[in-house]
Amino acid sequence: MKTTLFCIFLLLSGIISAQTIDNPPFKARSGSISNITRIERTPENTRVYIHAIFRPHWWIMEDGDTYLEDAATRKKYMFKSAEGIELKKEVYMPASGTMDYVLVFEPLPSETQTIHFLNPTDPEGNIYDISLVPQKKKKSSPLAIIKGNWFKTDGSGSWEYGVYDSISILNNRIYTNENIRKKGKRIEMALKDKQSHEEIALSFTPQKDGTCKIQQKGTEEIVYSKERTPVTLVNAENDFQQFFRQDSAYLQGYIDGYDPRLGFDTGLIYLSNELTREDYPTVIQIAPNGSFSCRFIINHPVESSVVLGNNWIPFYIEPGQTLTMYIDWEAVMARSRARDHYFPIRNTAYMGPSAPLSYLLKDLDKLITYRYEALTKAQKTLTPNQYKEHMKPIIAQWKQVADSVSQIYQPSLKAVHLIKNKVDLQAGNMFFDFLMSRDYYAKQDSTNQVLKVKEDNSYYSFLKNMPLDDATVLANTNASTFINRFEYMDLFRKVYPGYSFSLSDSIDCTYPEKSLLTFLKEKGVKLNDEQEKIRLEQEKLAGTTVKTIIKQIIDENKKITPLYEKEEKLVQEYDALYTKKLGKKEKSQQDKDRALINSDRKYAFKKDSIIALLYPIPNPILWQIAKVRSLNYSLEEIKDRQIAHEYVDSIKQIFTEPFLVTETNRILEKIHPINITNSYQLPEGKATEVFRNIIKDHSGKVLFVDFWATTCGPCRGGIEATADLRKKYKDHPEFQFIYITSQKDSPEKAYKKYVEKNLKGEACYYVSETEFNYLRQLFQFNAIPHYELVEKDGSISKEGLSSHSIRKYLDNHFEVKGE
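Residues numbered from 1 in each chain as written. Predicted model: local features only at pLDDT ≥ 70, side-chain atom pairs only at ≥ 80, totals over all residues. Heavy atoms only, no water.

**Details of the packing of helix H17 (residues 641–652) against helix H18 (residues 658–671)**
- Running from N to C, H17 and H18 point in directions that differ by 170°, and their axes come no closer than 11 Å. Here H18 runs roughly antiparallel to H17, going by the angle between their axes. Every residue of H18 that contacts H17 at Arg641, Ala644, His645, Val648 and Lys652 is listed here: Val661, Thr664, Asn665, Leu668 and Glu669.
- Counted by class, the contact of H17 with H18 contains four nonpolar, three polar and three charged residues. (Axes fitted to C-alpha atoms, helices over the stretch in contact; angles between N-to-C directions. Helix = DSSP H or I, 4+ residues; strand = E, 2+ residues; numbered from the N terminus. Parallel < 35°, antiparallel > 145°, perpendicular 65-115°, else oblique. Contact = heavy atoms within 4.5 Å. Nonpolar A, V, L, I, M, F, W, Y, C, P; charged D, E, K, R; others polar.)

**Observations regarding the pattern of salt bridges**
- Under the defined criterion, the tally for this structure stands at 55 salt bridges.
- Of the charged contacts in the structure, one is a salt bridge between glutamate 83 and arginine 47, with a shortest N-O distance of 2.8 Å. A residue pair is termed long-range when its members are at least 10 positions apart, and glutamate 83 in strand S7 (residues 76–83) and arginine 47 in strand S4 (residues 46–53) qualify at 36 residues.
- Given a relative accessible area of 35%, glutamate 83 falls into the partly exposed group.
- Between arginine 594 and glutamate 646 there is a salt bridge; the shortest N-O distance is 2.9 Å. One end of the pair, arginine 594, is in helix H14 (residues 589–614); the other, glutamate 646, is in helix H17, with 52 residues separating them in the sequence. (Salt bridge = Lys/Arg side-chain N within 4 Å of Asp/Glu carboxyl O. Buried < 20%, exposed > 50% of the residue type's maximum accessible area, 1.4 Å probe, protein only.)

**So, the side chain of serine 742**
- Tracing the backbone through its elements, the reader meets serine 742 in strand S34 (residues 735–742).
- Polar side-chain contacts of serine 742 include one of 3.0 Å to the side chain of aspartate 745.
- Filtering out sequence-adjacent residues up to four positions away, serine 742 remains in contact with Tyr766, Val767, Ser768 and Phe772. (Polar contact = N/O pair within 3.5 Å; in protein donor to acceptor, adjacent residues only side chain to side chain.)

**Some points on the packing of aromatic side chains**
- This model, assessed by the stated rule, comprises 45 aromatic pairs.
- Relative to tyrosine 574, the ring of phenylalanine 519 has its centre 5.4 Å away and its plane inclined at 55°; by these criteria the two rings are tilted. Taken as a pair, phenylalanine 519 in helix H10 (residues 516–522) and tyrosine 574 in helix H13 (residues 568–581) lie far apart in primary sequence, 55 residues in all. Each member of the pair, phenylalanine 519 together with tyrosine 574, is buried.
- The interplanar angle of 45° and the centroid separation of 5.6 Å between the aromatic rings of phenylalanine 735 and phenylalanine 814 together place this pair among those described as tilted. With phenylalanine 735 in strand S34 and phenylalanine 814 in the segment after helix H24 (806–813), the pair connects residues that are 79 residues apart, well separated along the chain.
- What makes phenylalanine 735 buried here is its relative accessible area of 1%.
- Residue classification places phenylalanine 814 among the buried residues on the basis of a relative accessible area of 8%.
- A network of ring pairs unites the aromatic residues Tyr387, Phe431, Phe432, Phe434, Tyr459, Tyr460, Phe462, Phe482, Phe486, Phe492 and Trp623 as a single cluster.
- Directly above the aromatic system of tyrosine 49 lies the positively charged group of arginine 38, at a separation of 5.7 Å from the ring centroid. (Phe/Tyr/Trp six-rings, centres within 6.5 Å; stacked < 30°, edge-to-face > 60°. Lys NZ or Arg CZ within 6 Å of the ring centre and 35° of its normal.)

**Comments concerning the sheet that holds strand S1 (residues 19–22)**
- Taking strand neighbours across the sheet as the criterion, the nine strands line up as S1-S3-S4-S9-S7-S6-S10-S11-S2 in an open arrangement whose pairing is antiparallel. Both edges of this open sheet fall to S1 and strand S2 (28–29), since each of them pairs with a single strand only.
- Pairing of S2 with strand S11 (residues 127–131) involves two bridges; the strand directions are antiparallel. The residue of S11 that forms the bridge with arginine 29 is isoleucine 127. (Pairing = 2+ DSSP bridges.)

**With respect to the nonpolar core**
- Tyr387, Trp398, Tyr460, Leu463, Phe486 and Met489 are the most contacted members of the largest nonpolar core, which totals 80 residues.
- What methionine 489 contacts, discounting residues up to four positions off in sequence, is Phe432, Tyr460, Leu463, Ile611 and Leu614.
- Counting residues in each nonpolar core, the second largest holds 50 residues, with Val307, Phe704, Tyr787 and Tyr809 among its members. (Core = buried A, V, L, I, M, F, W, Y, C linked by side-chain atoms within 4.5 Å.)

**What about the confidence of the model for the chain?**
- Taken over all residues, the pLDDT of the chain has a mean of 91, while the share at 70 or more is 95%.
- Counting contacts from residues 1–16, a segment whose pLDDT is below 50, to residues more than four positions away or on other chains yields zero contacts. (pLDDT = per-residue confidence, 0-100.)

This is the structure in structure tokens:
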């Protein structure tokens, strides 16, 4: 009898300890590639069923690093084995883009109710607060009934209410949920404005068809739906009345599905002043409840994006406005796992005066795409004229789309204007982008006859159809790219001397009685074998003028230029002696600056002539903007403040937009201020705290700070080009190289491998995405590599150094023992 009872007890124990949870709910996850469809618990194992969703024919890998963690005790339960997938192997997804397999872990205690599914090596592999408690069907709470976004049903698709766990959104403002109760068929909510603390009351009456009647106290009850209908009703609106108007803009919103454990508490907006090329990335603060906000200054309406990790969620805003956004984190992850720039981020909602235009521009992007793969293929297989023919039907299709969308938005002249500009800029960028990389591809494949065909002047006829005299193109997200391509287009190379030469051509070259290399050698400078060989050849030709092949001159310069940069003081001494010997009078700084200006004006006149031939309207506004954009470089080259003012005054005469004059004056004062300072102090705040914490162990030294990433080719090139300098100045008592990158931009494995090979022993800092966002904002850079020079007192130098110019700076400022 006892034996029978014992067996029954064991049988019951086994039944009780075995448990299956289908589609277990969770609170947050960092990626949506691995979807848990079932968890089986037994005394021997915990079996986790994975339904993987990823881009077809791309690979995934399970490396065995994943583990389970008890949410209450933090105890880890390690991986044991896998079924249906090989470990540490690239497994390619089938055409369906889905795959099923099982991961087996150590058994969980019977009392464990909530777990985390964690992978320390995969930023998309974490799932938090997975419930192991069977979900009982229970009566929905009042909040659960009305939770979500509510849109008008009048055909406008206007988002008017958002109700979430702890906050609600309405009236283009964010409120905290103070109280909620069910009263008969109605649900009543009490809310408090986060900023003004004003209290308001809402009532919701859910309808059987899924809609809901919502009423704000003192207003009419209106029917709303959780489904946003396509926009068919648009308010009448005039075109841009005053495009340039500097003011602050306020962006706020809510990320549905956000959790601080996802590893970030900030986003970023890559803002820039397109008139002056000044960056001012702006950090977006994200609260633990998923709400976010930021304020920034803009000079005109802008189309930009909220950037979360590698995901860009677009918006449109104008100076003086407030825009509220709803971002669905699950939709963001779906875009991320698609690994496709063109994959739409769904469910995004906008509230505020520019909400209709935010929807418009976001949706239009999906309708006028031209994939990068198609461009690359065209560059390698089509001549420039063939590409123009290839683009004709594509652009015609885009214009048909634009016409159709414009019909919907016809009451808004501003919307129609933005639609036209967006299509025109897309077309213009495609024509410019086609020319890029063709020379590179030609070097890779010298047998490709297509790549040997260069564009002629007629290729640029597309510019006649571009809105070059329309400043409102600056509102478009593609404006920066277009203006950059426009102001540096290949056609302008013809204005510079030597444009048409071939490397095999010869030019007259006069050799001095004493070469610079000989002068340096007499001063004790050590020449390498190649430099000595060049010196001997120059000595043979001393005092003669001979025909020299251009390629030979270029090759020689590559070998001796680093030496000249290193010995700058001796080079200046040689120049002074050589000038004096020839009886030449040393030019004053003003004379040098005036010569520079005259040269610049000569080339500007030639470029103006080219623009006049290409475009029917004289001096178009985008050409004026291009001249403002070039001022930074020109004014830094001009050393005399009076000459700089004269130069700027002459340029301002051609401007037809007063705001361009304002920006030109500001740039002039920035580069040639009345009170000259060589450095500045960082402003107090979170960003400065982050930076000071990084450099605190290097106080009392001058610091060359390099912001870089393993994924950035120019960054790696700069680091590797200064390898000898780092060795030379290693452990210097007054100087230190500092390297800062982010966990987002430099994946851990690649980072460790690169540092081990190229930066071993250097002061390297591997910071979080949030910290790097703050550093971008502090030093105002959108792109990397970016460099800063920190003085011994902690102030930031205005020297403007790079990985190329740091060599000369170090040689001029710091001595190295033994040299």
